[in-house]
Amino acid sequence: MKLLDLWGAITRCRSIAGALAATLAVGMAAACGAPSAAAESAQTTGADIVRTAALNRVVPAAMRQAKVPGAIVGVWQEGRRPYLQAFGVANTKTREPMRTDFNMRVGSLTKSFTVQAILQLVQDGKVGLDDPIGKYVRGVPRGRVITLRQLAAMRSGLYNYLADLDPNLYKDPQRAWTPQELLDVSFSRPLLFQPGTQFDYSNTNTVLLGLVVEKASGIPLHRYIRERITEPLGLRHTLLPTGAGALPSPHPRGYANSTPGKVVDATDWNVSFAWAAGGMISNLRDIGVWTRALAKGRLITPALQRERERFLPAEAEGHNAKYGLALELQSGVWKGHNGNISGFMTYPYYLPEERMTVVMLINASTNVLGSWFMFGSIINTVAPNHRWPEPPQE
């Protein structure tokens, strides 16, 4: 059903619409923490009712198509009531329902925090974007040539250690990895190309930047992120865990592939293999706040935000996608950074033209392509004039 048809049906049933509006006002205010003051004061409108009904129809259908057990979706837009809704189950055995306040692993959204730390250190005069990585970390191939900027932009040419680790993580899910062990895997392979000449998404880049943050700031990365980023922004449920990276309660179970055709519970896997590149934890409300802060350049100068937004082609991240410094640009308008880690996937994006933030969290990493189309169905429902792109090219 098209949105105009749905609107016609709702306006013909005014008594039902009125009851639905009252229900939405209570449910949205209670879900996933307090929205902004502007959102609190916004009245539920006919357009909100249409959007809610459309999403409540589209998301379950997309979940069935992608074979996703559970999902959490948030849509925030200035002047409108936020949409905050959980779908499906948190545990496929107990059938416990998903909740909007669940803590989730956010995967590679972590990269945006690590690079935020680098940009703040540039702002403080402690590092330079065009400094060679060899100035801070010894033993990096072409370390005198590869710059911090190239690492943040995924243009170093360094081999992605996770390409070797990922297929075998399920065999020893409790193994603890140090950053140096991860780098050793990468450095045992030749560079893929001359630094700065191409785009290749590599977790190695962000692990190196995490080490730079620690050396330049003099404190551990998890502390820097907490003291300089999450606390100033009021992100009370966002952290880079230490050790094995256990999820704090409440949280769902997360499901991942092991051998082809077999799905396993990966909730309690040791995620030290991700660290600065993908180890963080957050929840829906915090991710919504961070997505806006990332896109708007909070905590850094406008000049540094312009550096972050020097977007270059990155077709592997989506059709006609571009990539800045740990920041994607999708369809020329959506700014954010998705995340994928064993058992969990995160899609957080901001649309400046409509001041709209859209976040989707799912508790399965079993169908990457399906999750891409699932998020696209959400975007194409709430912002039909700014459609989600075709999936990344192999």
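Residues numbered from 1 in each chain as written. Predicted model: local features only at pLDDT ≥ 70, side-chain atom pairs only at ≥ 80, totals over all residues. Heavy atoms only, no water.

Caption draft 1: Focus on empty space enclosed by the protein. In the structure shown here, the tally under the stated rule is 1 cavity of 30 Å³ or more. Here the largest cavity is characterised by a volume of approximately 40 Å³. At the level of secondary structure, the elements contributing two or more residues to the lining of the largest cavity comprise β6 (281–283) and α12 (284–296). Its residues assigned to classes, the lining of the largest cavity comprises 8 nonpolar, 2 polar and 1 charged. (1 Å grid on protein atoms, 1.4 Å probe; cavity = no way out; pocket = protein on both sides within 12 Å on 5 of 7 lines; lining within 4 Å. Points joined across faces, edges and corners; volume = space filled by probe spheres on them. Helix = DSSP H or I, 4+ residues; strand = E, 2+ residues; numbered from the N terminus. Nonpolar A, V, L, I, M, F, W, Y, C, P; charged D, E, K, R; others polar.)

Caption draft 2: A look at helix α4 (residues 46–66). Here α4 is 21 residues long and its end C-alpha atoms lie 30 Å apart, about the 30 Å a rise of 1.5 Å per residue gives. Residues D48, I49, V50, R51, T52, A54, L55, V58, V59, A62, M63 and A66 constitute the buried set of α4. Positioned one or two residues after α4, K67 has a phi angle of 60 degrees, which is positive. (Expected span 1.5 Å × (residues − 1). Buried < 20%, exposed > 50% of the residue type's maximum accessible area, 1.4 Å probe, protein only.)

Caption draft 3: Spotlight on the nonpolar core. Counting residues in each nonpolar core, the largest one holds 85 residues, and the members touching the most others are I133, L165, L208, F273 and W290. Non-local contacts of W290, meaning those with residues more than four positions away in its chain, are made with L109, S112, F113, Q116, I229, L233 and L235. V75, Y349, I362 and W388 belong to the second-largest nonpolar core, a separate cluster that totals 28 residues. (Core = buried A, V, L, I, M, F, W, Y, C linked by side-chain atoms within 4.5 Å. Contact = heavy atoms within 4.5 Å.)

Caption draft 4: View of helix α9 (residues 203–217). Under the 1.5 Å per step criterion, the end-to-end length of α9 is 21 Å for 15 residues, consistent within 8% with the ideal 21 Å. The element α9 is extensively covered by neighbouring structure, given that 12 of its 15 residues are classed as buried. Of all the residues in α9, the buried ones are N203, T204, N205, T206, V207, L208, L209, G210, V212, V213, A216 and S217. Contacts made by the buried residues of α9 are with α5 (110–123), α6 (148–152), α7 (162–165), α8 (179–187), α10 (221–233) and α11 (275–278). Note on α9: the residue one or two positions beyond its end, G218, has a positive phi of about 80 degrees.

Caption draft 5: Spatial organisation of the packing of α4 against helix α14 (residues 368–382). Packing of α4 against α14 leaves a shortest axis separation of 9 Å and a crossing angle of 165 degrees. In this view, α4 runs roughly antiparallel relative to α14, as classed from their interaxial angle. Judged by the sense of rotation from one axis to the other, the crossing of α4 with α14 is right-handed. Each of R51, A54, L55, V58, V59, A62, M63 and A66 in α4 lies in contact with α14, whose residues at this interface are G370, S371, M374, S377, I378, T381 and V382. Its residues assigned to classes, the contact of α4 with α14 comprises 10 nonpolar, 4 polar and 1 charged. (Axes fitted to C-alpha atoms, helices over the stretch in contact; angles between N-to-C directions. Parallel < 35°, antiparallel > 145°, perpendicular 65-115°, else oblique. Left-handed = near helix turned anticlockwise from the far one by under 90°.)

Caption draft 6: Broad picture of the layout of surface pockets. Approximately 1,300 Å³ is the volume attributed to the largest pocket. L162, D166, Y201, N340 and V368 are the residues nearest the centre of the largest pocket, which is lined by 40 residues in total. Looking at the lining of the largest pocket, the elements that each hand over two or more residues are α7, β4 (255–257), α11, β11 (339–341), β12 (344–351) and α14. Split into classes, the residues belonging to the lining of the largest pocket amount to 22 nonpolar, 13 polar and 5 charged.

Caption draft 7: Region of the structure containing the packing of α5 against α10. In the contact formed by α5 and α10, the axes pass within 10 Å of each other and the chain directions differ by 75 degrees. Classified by the angle between their axes, α5 and α10 sit roughly perpendicular to one another. Residues F113, T114, Q116, A117, Q120 and L121 of α5 form the contact with α10, whose participating residues are L221, Y224, I225, R228, I229 and T230. Residues belonging to the contact of α5 with α10 are distributed by class as follows: 7 nonpolar, 4 polar and 1 charged.

Caption draft 8: Local environment of the pairing of strand β2 (residues 83–88). Pairing of strand β1 (residues 70–77) with β2 involves 6 bridges; the strand directions are antiparallel. In the sheet register, V73 faces β2, and the bridge partner there is Q85. Hairpin connection of β1 to β2: 5 residues between the antiparallel strands, including G79 at a positive phi of 85 degrees. (Pairing = 2+ DSSP bridges.)

Caption draft 9: Fine view of the pairing of β1. Counting buried residues along β1, 8 of its 8 residues qualify, which places the element largely inside the surrounding structure. Alternating positions in β1 separate into two faces, G70, I72, G74 and W76 on one and A71, V73, V75 and Q77 on the other, with burial throughout. Relative to strand β13 (residues 356–362), β1 is paired through 7 bridges, and the arrangement is antiparallel. If you follow A71 over to β13, its bridge partner there is I362.

Scope: geometric values only; no functional claims are made or implied.
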